[in-house]
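Overview (structure and organization)
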Amino acid sequence: MVGLKEELLKSIWHAFTALDLDRSGKVLSHNLCTVLNVPHDPVALEEHFRDDDEGPVSNQGYMPYLNKFILEKVQGNFDKVEFNRMCWTLCAKKNLSKSPLLISDEDAFKVWVIFNFLSEDKYPLIIVPEEIEYLLKKLTEAMGAGWQQEQFDHYKIALNTSQEGLSAWELIDLIGSGQFSKGMDRQTVSMAINEVFNELILDVLKQGYMLKKGHKRKNWMERWFVLKPNIISYYVSEDLKDKKGDIILDGNCCVEALPDKDGKKCLFLIKCLDKSFEISASDKKKKQEWIQAIQTTVNLLRAGSPPPHKEARQKRKELRQKMLAEQEELERQMKELQTANENKQKELETVRKQLEAAAARAAEEEKKRLQTQVELQDRFSLELEREKMVRQKMEEQVAQKSSELEQYLQRVRELEEMYKQLQEALEDEKQARQDEETVRKLQARLLEEESAKRAELEKWHLQQQQTIQMTEAEKQELENQRMIKEQALQVAMQQLEQLELERKEALEQYEEVKKKLETAANNTKSWKDKVAHHEGLIRLIEPGSKNPHLITNWGPAAFTEAELEQRQKSWKGKKATSE
């Protein structure tokens, strides 16, 4: 009853929306009670449509009355065609197109009824492109023409871009325009519409002329047979005006082929509980088609299934609902993905801000690092100045030592000329060697200081390299500064190399002095014995230590007071021995 109610509501909706809203509900209700064989209830009708604010004459206001007093009382014992024709009469004049159509008003009515059967169960009623394609295919097949899928695809694309589907009147205009029935005459189109109408609306599964054997007279008469889901009706002719009988079908019925007999061919038998029917088809093909159709109907009755076209319609609706649900699920997932994407964008924005803050901190650290670098560079310059001053002092000391060495040589020459008695030449030579060792130690100390300075410079250089390596990511930005520092370092290295060269020159000068000293020592070996007993022997003049020195007639002595006492004791001992 729920499916029947939905089918009735669609036709009633067309009729109600086409009428005026003043008191048209009374007219519609009266006609519905008449065609649906429902008893009238004038009191309820007047109560619902009384002329005040509590009885709105509208679609929503009319539905409670329609459900309670009309639809709930429908028993199914009414003519569906007459019911649809009444609703069609109320709405066709207002909505049917005034432009000429290739189909008659009767065919337009049948298309309208088919629309109500195939339309979606939501208002305002529309038929979706999938059902339009199904209907046009059925019509094309009934006309015996070929289906133009490409043409319909173009139409479907144009339809989807503008609207979800077609209304009943747009569907009538589409079929009446002949867009999908080009080359067909009006009669062929009308026959195709009637065939589809019989199948979808009247539940006609098959129909046609066959011979039936009588039960009493046993004669064969031609009858027009109409197969429906639970009954086979047979008429005198196809106009269906003179009905001769019915064959009630149920799950206990069966159909079987019979051999030819009594001059009749293509026989088959329909067995029911109370009686059997012998029927003769026009040819073997028709016989097989009827047997197959009847057997299929009986099988559906046994399984309790609806007619094939209704089951197919239900499956198409379920498929569309499933696709719609999948599409909604896909849209939900897309929204979730979009939300996730937005959240990700927010996270990326947060990360970007964090990176900017980190970049600001890095810039601040870089600023501090550059400041530290400048300080290191200033310190490095200061150390270079100190090294330069040390080098200058060393040069002054070397110059002083050279001057003292010249004085020493001059005094040696004076001693060679003035004195031939140098008793302590050997001691003088030994003292000279000790002084030489002192100079060597001084040279070693200078070398150690130089090595320490070099190590310190290398340490600064290593620190600079480590600083450059630690800031490799910022190498490009600091390349110019690094080049300047490298140049300054190279200048310092050149200065150090120059200092090294000067040290080597001083060492060479020292070697020359040493050679001259050795030559002087060799020259004094020949006469040192002659002056061994000379008590007034003076030592060679050498650069003295920083301790207090004795003063001789020729200037500062080359030995200390303690050394003089030691030598005096040695001389006295030697003198006593010689005596």
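Read on for a plain summary of the structure. Quick caveat, the model's predicted, so the values are computed rather than measured.

1. Remarks on the overall build of the protein chain
Within the protein chain, the secondary structure is distributed over 15 helices and nine strands. Burial analysis of the protein chain (579 residues in total) assigns 37% to the buried set. For the protein chain, the share of sequence-separated contacts (at least 6 apart) that also reach a separation of at least 24 residues comes to 65%. Surface accessibility of the protein chain: about 36,100 Å² in total, with carbon and sulfur atoms responsible for 52%.

2. As for the sheet that holds strand β7 (residues 276–280)
Sheet strands associate in pairs through backbone hydrogen bonding, adopting either a parallel or an antiparallel arrangement. In space, the seven strands of this open sheet follow the order β4-β3-β2-β1-β7-β6-β5, with antiparallel pairing throughout. The open sheet terminates on both sides in strands that have one partner only, identified here as β4 (243–248) and β5 (254–258). Sheet twist, expressed as the mean angle between neighbouring strand axes with direction ignored, is 35°.

3. Focus: the environment of Leu-125
Inspection of the secondary structure puts Leu-125 in the loop between α6 (105–118) and α7 (129–143). With 42 residues separating them in the primary sequence, Leu-125 and Ser-167 have C-alpha atoms 6.4 Å apart. What Leu-125 contacts, discounting residues up to four positions off in sequence, is Lys-10, Trp-13, His-14, Phe-115, Asn-116, Ser-119, Glu-120, Leu-166 and Ser-167.

4. As for the pairing of strand β1 (residues 206–213)
Sheet topology places β1 next to strand β2 (residues 220–228); eight bridges connect them, and they run antiparallel. Within the sheet, the bridge partner assigned to Leu-211 lies in β2 and is Glu-222. The antiparallel hairpin formed by β1 and β2 contains six residues in its connecting segment, where Lys-218 sits at a positive phi of about 60°. In this structure, β1 lies alongside β7, joined through two bridges in antiparallel fashion. What sits directly across from Leu-211, in β7, is Ser-280.

5. Remarks on the packing of α7 against helix α12 (residues 308–418)
Contact geometry for α7 and α12: axes closest at 11 Å, N-to-C directions at 155°. When the axes of α7 and α12 are compared, the pair comes out roughly antiparallel. The crossing of α7 and α12 is right-handed. Contacts from Glu-130, Glu-131 and Tyr-134 of α7 reach α12 at His-309, Arg-316 and Arg-320.

6. Examining the packing of aromatic side chains
Applying the stated criterion across every chain yields a total of 16 aromatic pairs. A ring pair is formed by Phe-225 and Tyr-234, whose centres lie 5.6 Å apart and whose planes are at 40°; its orientation type is tilted. Accessibility expressed as a relative area gives 0% for Phe-225, which makes it buried. Chaining the aromatic ring pairs together yields one cluster made of Trp-88, Phe-109, Trp-112, Trp-169 and Phe-197. Positioned above the aromatic ring of Phe-109 is the side chain of Arg-85, whose terminal nitrogen or guanidinium carbon lies 4.4 Å from the ring centre. If you follow Arg-316 out to its NZ or CZ, it ends over the ring of Tyr-134, 3.7 Å from the centre.

7. Comments concerning the pattern of salt bridges
This model, assessed by the stated rule, comprises 30 salt bridges. Residue Asp-121 pairs with Lys-317 through a salt bridge whose shortest N-O separation is 3.4 Å. Of this pair, Asp-121 sits in the loop between α6 and α7 while Lys-317 sits in helix α12, and the two are 196 residues apart along the sequence. Glu-256 is paired through a salt bridge with Lys-271; the nearest N and O atoms lie 3.4 Å apart. In this pair, Glu-256 is assigned in strand β5 and Lys-271 in strand β6 (residues 267–271), connecting sequence segments 15 residues apart.

8. Quick word on the pairing of β2
Pairing of β2 with strand β3 (residues 231–235), which is carried by five bridges, proceeds in the antiparallel orientation. Looking across to β3, one finds that Val-226 is bridged to Ser-233. The hairpin formed by β2 and β3 contains two residues between the paired strands.

9. Focus on the nonpolar core
Ranked by internal contacts, the top residues of the largest apolar core, which has 66 residues, are Leu-8, Leu-32, Leu-36, Phe-83, Trp-88, Trp-112 and Ile-172. When residues of this core are assigned to their parent elements, the largest contribution, nine residues, is made by α6. When neighbours within four sequence positions are excluded, Leu-36 is seen to be in contact with Leu-8, Ile-70, Val-74, Asn-77, Phe-78 and Phe-83. In this structure, Ile-270, Trp-290, Ile-291 and Val-298 belong to the second largest nonpolar core, which totals 21 residues.

10. Observations regarding the packing of α6 against helix α9 (residues 168–176)
The N-to-C vectors of α6 and α9 enclose an angle of 130°; their axes lie 9 Å apart at closest approach. Relative to α9, the element α6 is oriented oblique. Remark: the crossing between α6 and α9 carries right-handed chirality. Residues Ala-108, Val-111, Trp-112 and Phe-115 of α6 touch α9, and the partners they reach there are Ala-168, Trp-169, Leu-171, Ile-172 and Ile-175. In terms of residue class, the contact of α6 with α9 is made up of nine nonpolar, no polar and no charged.

11. A short note on unusual backbone geometry
Each neighbour pair has its own omega, and for Tyr-123 with Pro-124 the value is 0°, a cis peptide bond. The phi torsion at Lys-218 lies on the positive side, around 60°, for a residue other than glycine. Note that Lys-218 resides in the loop between β1 and β2. We note that Asp-262 has phi near 50°; this positive angle belongs to a residue other than glycine. Of note, Asp-262 is situated in the loop between β5 and β6.

12. Some remarks on a negative patch on the surface
On the surface, a cluster of negative charge is contributed by Glu-505, Glu-508, Glu-511, Glu-512 and Glu-518. Overall, the relative accessible area of 47% leaves Glu-505 in the partly exposed class.

13. Looking at the side chain of Arg-503
Along the chain, the position of Arg-503 falls in helix α14 (residues 479–525). On the basis of relative accessible area, Arg-503 is assigned to the buried category, the value being 14%. Discounting chain neighbours no more than four positions away, the residues touching Arg-503 are Gln-443, Leu-447 and Glu-450.

14. Brief notes about a nonpolar patch on the surface
Together, Leu-330, Met-334 and Leu-337 line one region of the surface with nonpolar side chains, adding up to about 320 Å² of accessible area. With respect to the helices and strands, the residue Met-334 is situated in helix α12.

Parameters and conventions
Residues numbered from 1 in each chain as written. Predicted model: local features only at pLDDT ≥ 70, side-chain atom pairs only at ≥ 80, totals over all residues. Heavy atoms only, no water. Helix = DSSP H or I, 4+ residues; strand = E, 2+ residues; numbered from the N terminus. Buried < 20%, exposed > 50% of the residue type's maximum accessible area, 1.4 Å probe, protein only. Contact = heavy atoms within 4.5 Å. Areas by Shrake-Rupley, 256 points an atom, 1.4 Å probe, with all protein chains shown as cover. Pairing = 2+ DSSP bridges. Axes fitted to C-alpha atoms, helices over the stretch in contact; angles between N-to-C directions. Parallel < 35°, antiparallel > 145°, perpendicular 65-115°, else oblique. Left-handed = near helix turned anticlockwise from the far one by under 90°. Phe/Tyr/Trp six-rings, centres within 6.5 Å; stacked < 30°, edge-to-face > 60°. Lys NZ or Arg CZ within 6 Å of the ring centre and 35° of its normal. Salt bridge = Lys/Arg side-chain N within 4 Å of Asp/Glu carboxyl O. Core = buried A, V, L, I, M, F, W, Y, C linked by side-chain atoms within 4.5 Å. Nonpolar A, V, L, I, M, F, W, Y, C, P; charged D, E, K, R; others polar. Patch = residues over 30% accessible without salt bridge, like charges linked within 9 Å, V, L, I, M, F, W, Y side chains within 5 Å. Lys, Arg positive; Asp, Glu negative; His and termini not counted. Charge placed at Lys NZ, Arg CZ, Asp CG, Glu CD.

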